[in-house]
Amino acid sequence: MSSGRMRPFDGVEDSPFLRMQLKSLEEDVDMLRDRTLKFSKDCGKYRDGLEDAYANEVNFSESIKGFYGSLDDPFGNAVGGAIL
C-alpha cells in the first residue's frame, strides 16, 4: 500500500467459511430490514387508529355537551348532565 496504513480486513483470508458467514449476515440484515419496515408500517396504522379514536371521543364529548347543555343548565342537571 502506498499510504502506509492497513485497511481493516487486509489480514482476513478469503475462505468458504468467511463467505458463508458473510452470506448469513447479509440474509439476517435483509430479514431485519423487512421486519423493521413491517413494524414501521404497523406502527403508522396503530397511530392512525389512535388518532381516529381520539377524534371520535372528542366528537362524542361535544355531542353530550350539546345535548345536556352547560353545567348550570337546569334541564341538563335534572337528567344527569352534571354526572357525565
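For the structure itself, consult the block above.
What you are looking at is a predicted structure, and each value in this text was computed from that prediction instead of being measured. Every chain begins its residue count from 1, and numbering advances along the sequence as written. For a predicted model such as this one, the threshold for reporting local features is a pLDDT of at least 70, and the threshold for listing and counting side-chain atom pairs is 80 or more; totals across whole chains, interfaces and linings nevertheless cover every residue. For the side-chain quantities, the full set of heavy atoms in the structure was used; hydrogens and water were omitted.

Asker: Explanation requested: the pattern of salt bridges in the structure shown.
Answerer: Opposite charge on two side chains makes pairing possible when the charged atoms of those side chains draw close. Only one rule defines a salt bridge in this text: a Lys or Arg side-chain nitrogen within 4 Å of an Asp or Glu carboxyl oxygen. All chains considered together, the criterion is met by 5 salt bridges. Of the charged contacts in the structure, one is a salt bridge between R33 and D30, with a shortest N-O distance of 2.9 Å. One end of the pair, R33, and the other, D30, are both in helix α1 (residues 16-68), 3 residues apart, so they sit about a helical turn from each other. One salt bridge in this structure joins D48 and R47, with 3.1 Å as the shortest N-O distance. The class of R47 is partly exposed, set by a relative accessible area of 46%. When salt bridges with common partners are traced through the structure, they connect R47, D48 and E51 into a single cluster. Going along the chain from the N terminus, every DSSP run of H or I of four or more residues is numbered as a helix, and every run of E of two or more is numbered as a strand. Only protein chains enter the accessibility calculation, which uses a 1.4 Å probe; a residue whose area is less than 20% of its type maximum is buried, one above 50% is exposed, and one in between is partly exposed.

Asker: Can you help me understand the environment of A78 in this one?
Answerer: By the secondary structure assignment, A78 is in helix α2 (residues 74-78). Take A78: its relative accessible area is 64%, and that puts it in the exposed class. Expressed as a C-alpha distance, the spacing of A78 and Y68, which sit 10 residues apart in the sequence, is 9.5 Å.

Bear in mind that shape data such as this cannot, by itself, settle questions of function.
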